[in-house]
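Tertiary structure, described
So the chains spell out like this:
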Amino acid sequence: MRLDDLVDADVIVVGAGLAGLAATAELASAGRRVLLLDQEPESNLGGQAFWSFGGLLLVDSPEQRRLGIKDSRELAWQDWTGSAYFDRGIDDPAGEDYWAYRWAQAYVDFAAGEKRSWLHAMGMRWFPLVGWAERGGYLADGHGNSVPRFHITWGTGPGVLAPFERRVRDAEASGRVGFRFRHRVDELTVTGGAVDGVRGAVLEASSAARGTRSSRTAVGQFELHAQAVVVTSGGIGGNADLIREHWPARLGPPPERMICGVPEYVDGRMLAIAERAGGRLVNRDRMWHYTEGIENWDPIWARHGIRILAGPSSMWFDARGQRFPAPNFPGFDTLGTLGAIRESGYDYSWFVLTQKIIEKEFALSGSEQNPDLTGKDIRLTLSRVRPGAPAPVEAFKQHGADFVVAGTLPELVAGMNKLTGETLIDLTDLERQIVARDREIDNPFTKDMQVMAIRNARRFRGDRLARTAAPHKILDPKAGPLIAVRLNILTRKTLGGLQTDLSGRVLSRSTPTRPVPGLFAAGEVAGFGGGGLHGYRSLEGSFLGGCLFSGREAGRAVARLTSSLLLSDALSAAPPAVVPTAEPAA
């Protein structure tokens, strides 16, 4: 008997985000019949990636070289390992970091190799000014990007999604792909030890707009079978309870109040469902939440927050008005600053800056906050290098609940204390710290590490042109008005998840050196590959790229493993032992 007699498709993909689209595109290109399931309505096709800034980490790209940036695979790997700090058994096949380390090697090779040409061939293009995210601020072999590597896609998140959605839509038109929206998977079916399908509820039709809450009312049940199931359902960023449950003690107690950087449907349900089917979850305490979150004055989903992508000049204070020590500066070490905020005993912190800084240095993450780049409007994009804050930033300054604007420092402090309802900021002490910093501006050299960092940033042409304001005194009236921004903890990414080998096969909870037959995973649900290729920290620009790479690799592997299989062969074959396909780099 052939599999065609008993299955609904060759492969079922659970989750229609970027990783799911990438996997489906590869499977369809290989001639496989795919069912792509998602609990949300069709309006949400593409998932979280749609809302992203579209940043991709590329190594030694033409964009970098045109700006005089000297990058290499060796430098990128140095930065990656210094940030990831893999410490959970990279040489032990049963270790939590064993496959994460190998996925990291493969990903850095990809970013330094075919990543750009592969995407370019599908029509993707990038903004010519490369961004410098996660600058680190430690020694050469520590955390952070030694050089700018953050390539903003022309079209932002929707521009990243477009070629993959087009490939999948074309496959749908030819009959190789079938969409099943409003299909919530509640169980992976297992026969003879192999995952062979999914079971769940059909949810009522919904006209909910992208990102908004949709109904969870079930109107029916479904069961579908295939040779393999690929889970690409995302992480836990919209589930505050799961975040608090797995919050790492090294970052202090979990926050009582967080705002949300992803829609509510990013609930992490499939992690537990895959675990019940025998999959292994690793590195669940590794997370990536932002410290520069502001409440969206025009929200799309519950507790909707936006991240400020700040240049290096704003002064950063804790809730009591104490300046954070080096290297807790804007854009340097996200998790280091998160730990410092939690040590302060509060869930928020403050930027203090000037109008001159906000005009040059504030960008907002998200496709909807960057209409020029998202809409591919060249004239509007060029306005970024002209005087004045971008319109979305100015709108937040005027309407955002977290902004205080004042002509003098006493007025600013009064507004900060009024905003929080607590008299935590002492005017005399805050003024002392700002004046001390301002005195360091008088010379081109300084002992203040943040002022050093500002001057260093302006040696890079891209920062000097569009990302870093000329050094000036915060209390200089000509640079005003003064601005304070309350910064909230913003939930976002899951760095751990289902452990997978380099083919995307999910490893067994009971026998970690062997895969669960028929079960694959990619994207955030797999820690973007291997159960955590980022380790403890991200270099940024690697989340979308991780979805693309792990989705592509899983799709190609499943296509190979599902070719011409007979039902008797598929269910009786013993799963091969998991062995590495590459040795660790020295």
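Just above, that's the structure.
Residues numbered from 1 in each chain as written. Predicted model: local features only at pLDDT ≥ 70, side-chain atom pairs only at ≥ 80, totals over all residues. Heavy atoms only, no water.

**Brief notes about the state of the cysteines**
Operational definition: Cysteine sulfur atoms that come within 2.5 Å of each other are treated as a disulfide pair. Exposure categories follow from relative accessible area, calculated using a 1.4 Å probe and restricted to protein chains: below 20% of the type maximum is buried, above 50% is exposed, and the middle band is partly exposed.
Considering all chains together, one arrives at 0 disulfides under this definition. Looking at the unpaired Cys260, the closest cysteine sulfur is the one in Cys547, lying at 16 Å. Given the relative accessible area of 13%, Cys547 is considered buried.

**A closer look at the packing of helix 1 (residues 18–29) against helix 18 (residues 543–561)**
Any two packed helices are characterised by the angle at which their axes cross and by the distance between the axes. Put simply, the rule is: Axis definition: a line fitted to C-alpha atoms, limited for helices to the stretch in contact. Angles are taken between N-to-C directions and run from 0 to 180 degrees. A helix here means a DSSP run of H or I that spans at least four residues, while a strand means a run of E at least two residues long, and both kinds are numbered starting from the N terminus. Two helices cross in a left-handed way if the nearer one is turned anticlockwise from the farther one by less than a right angle. They cross in a right-handed way if the turn is clockwise. Pairs of residues are marked as contacts when any of their non-hydrogen atoms sit within 4.5 Å. All residues other than Ala, Val, Leu, Ile, Met, Phe, Trp, Tyr, Cys, Pro, Asp, Glu, Lys and Arg, Gly among them, are scored as polar; the first ten of these are nonpolar and the last four charged.
Between helix 1 and helix 18, the shortest axis-to-axis distance is 7 Å and the interhelical angle comes to 35°. Remark: the crossing between helix 1 and helix 18 carries right-handed chirality. Taking contact as the criterion, the partners of Leu18, Ala19, Ala22, Ala23, Glu26 and Leu27 in helix 1 are, on helix 18, Leu544, Cys547, Leu548, Gly551, Arg552, Gly555, Arg556, Val558 and Ala559. Of the residues in the contact of helix 1 with helix 18, the class split is 10 nonpolar, 2 polar and 3 charged.

**Examining the pairing of strand 2 (residues 34–38)**
For clarity, the threshold we go by: Two strands form a pair only when DSSP identifies at least two bridges running between them. With the strands pointing away from the viewer, any crossover whose connection runs clockwise from the first strand over the helix to the second is right-handed.
Counting buried residues along strand 2, 5 of its 5 residues qualify, which places the element largely inside the surrounding structure. Judged from the 4 bridges that link them, strand 1 (residues 9–14) and strand 2 form a sheet pairing that is parallel. Counted as the bridge partner of Val11 is Val34 from strand 2. Handedness of the crossover joining strand 1 and strand 2 through helix 1: right-handed.

**Some details on the pairing of strand 8 (residues 218–231)**
Of the pairings in the sheet, the one linking strand 1 to strand 8 comprises 5 bridges and is parallel in character. What sits directly across from Ile12, in strand 8, is Val229. The pairing of strand 8 with strand 20 (residues 515–521) spans 3 bridges and is parallel. Bridge pairing in strand 20 links Val230 to Phe520.

**Quick word on helix 14 (residues 409–420)**
Note the following rule: Helices are assigned an expected span. That span is 1.5 Å times one less than the residue count. Directions are taken from the helix axis to each C-beta atom, and the arc is the one they span.
Over its 12 residues, helix 14 extends 17 Å from the first C-alpha to the last, a length consistent with the 16 Å expected when each residue adds 1.5 Å. Buried within helix 14 are the following residues: Leu409, Leu412, Val413, Met416, Asn417 and Thr420. End-on, the buried residues of helix 14 take up no more than an arc of 130°, which puts them together on one face. On its buried face, helix 14 sits against strand 14 (348–354), strand 16 (403–406), helix 15 (427–439) and strand 17 (482–494).

**Here we look at the packing of helix 4 (residues 98–112) against helix 18**
For the record, the criterion: By definition in this entry, angles of less than 35 degrees are roughly parallel, angles greater than 145 are roughly antiparallel, angles of 65 to 115 are roughly perpendicular, and the rest are oblique.
Where helix 4 meets helix 18, the closest approach of the two axes is 11 Å, and the angle between their N-to-C directions is 105°. Our classification of the angle between helix 4 and helix 18 gives roughly perpendicular. Facing helix 4, whose interface residues are Trp103, Ala106, Tyr107 and Phe110, helix 18 presents Gly545, Gly546, Phe549, Ser550, Arg552 and Glu553. In terms of residue class, the contact of helix 4 with helix 18 is made up of 5 nonpolar, 3 polar and 2 charged.

**Observations regarding the packing of aromatic side chains**
The description of two aromatic rings rests on the distance between their centres and on the angle between their planes. Basically, it comes down to this: For Phe, Tyr and Trp, where Trp contributes only its six-membered ring, two rings pair if their centres lie within 6.5 Å, and the inter-plane angle classes them as stacked under 30 degrees, edge-to-face over 60, or tilted in between. Two conditions define a charge sitting above a ring: the NZ of Lys or the CZ of Arg must be within 6 Å of the ring centre, and it must be within 35 degrees of the ring normal.
Counted by the stated rule, this structure contains 24 aromatic pairs. Considering the side-chain rings of Trp288 and Tyr290, the 6.3 Å spacing of their centres and the 80° angle between planes classify their relative orientation as edge-to-face. Accessibility classification places Trp288 together with Tyr290 in one group, the buried group. A ring pair is formed by Trp316 and Phe324, whose centres lie 6.2 Å apart and whose planes are at 85°; its orientation type is edge-to-face. Put simply, the rings of Trp80, Trp103, Tyr107, Phe110, Trp118, Phe164 and Phe549 pair up and form one aromatic cluster. The ring of Tyr98 is capped by Arg102, whose NZ or CZ atom sits 3.7 Å from the centre of that ring. The ring of Trp118 carries Arg552 above its face, with NZ or CZ at 4.8 Å from the centroid.

**Concerning the nonpolar core**
Just so we agree on the cut-off: Within this scheme, the nonpolar core is defined by two criteria: the residues are buried Ala, Val, Leu, Ile, Met, Phe, Trp, Tyr or Cys, and they are joined through side-chain atoms within 4.5 Å.
Membership of the largest hydrophobic core comes to 147 residues, with the highest contact counts inside it found for Trp80, Phe164, Leu188, Val198 and Val485. Tallying contributions element by element places helix 4 first for this core, with 10 residues. Once residues within four sequence positions are removed from consideration, Val485 is found in contact with Ile294, Ile308, Ser349, Trp350, Phe351, Leu353, Phe362, Asp402 and Phe403. Core analysis: the second largest hydrophobic core is formed by 17 residues, Leu75, Phe127, Val130 and Ala133 among them.

**Some words on the environment of Leu419**
You can see Leu419 is positioned in helix 14. A residue is classified by how much of its surface remains accessible, and Leu419, at 26% relative accessible area, is partly exposed. If we skip the residues at most four places from it in the chain, Leu419 touches Trp350, Ala401, Asp402, Val404 and Arg486.

**Overview of the pattern of salt bridges**
Here is the rule: We define a salt bridge as a contact between a side-chain nitrogen of Lys or Arg and a carboxyl oxygen of Asp or Glu at a distance within 4 Å.
For the coordinates displayed, the defined rule picks out 39 salt bridges. Between Glu42 and Arg169 there is a salt bridge; the shortest N-O distance is 2.9 Å. With Glu42 in the loop between strand 2 and strand 3 (55–57) and Arg169 in helix 6 (residues 156–173), this residue pair connects regions lying 127 residues apart in the sequence. When its relative accessible area of 41% is taken as the criterion, Glu42 is described as partly exposed. Its salt-bridge partner being Asp87, residue Arg286 comes within 3.3 Å of it at the nearest N-O pair. You can see Arg286 sitting in the loop between strand 10 (281–282) and strand 11 (287–295) and its partner Asp87 sitting in the loop between helix 3 (73–84) and helix 4, a full 199 residues away along the chain. Given a relative accessible area of 41%, Asp87 falls into the partly exposed group. In this structure, a network of salt bridges that share partners links the residues Asp87, Arg88, Asp97, Arg250, Asp285 and Arg286.

**As for unusual backbone geometry**
Between Ala326 and the following residue, Pro327, the backbone shows a cis peptide bond with an omega angle of 0°. Here Pro327 is to be found in the loop between strand 13 (315–318) and helix 9 (334–343). In this model, Asn283 sits at a positive phi of 55°, which is unusual for a non-glycine residue. Within the fold, Asn283 resides in the loop between strand 10 and strand 11. The buried category is assigned to Asn283, whose relative accessible area is 1%. Of note in this structure, Phe528 is not a glycine but carries a positive phi near 65°. Judged by its relative accessible area of 1%, Phe528 is buried.

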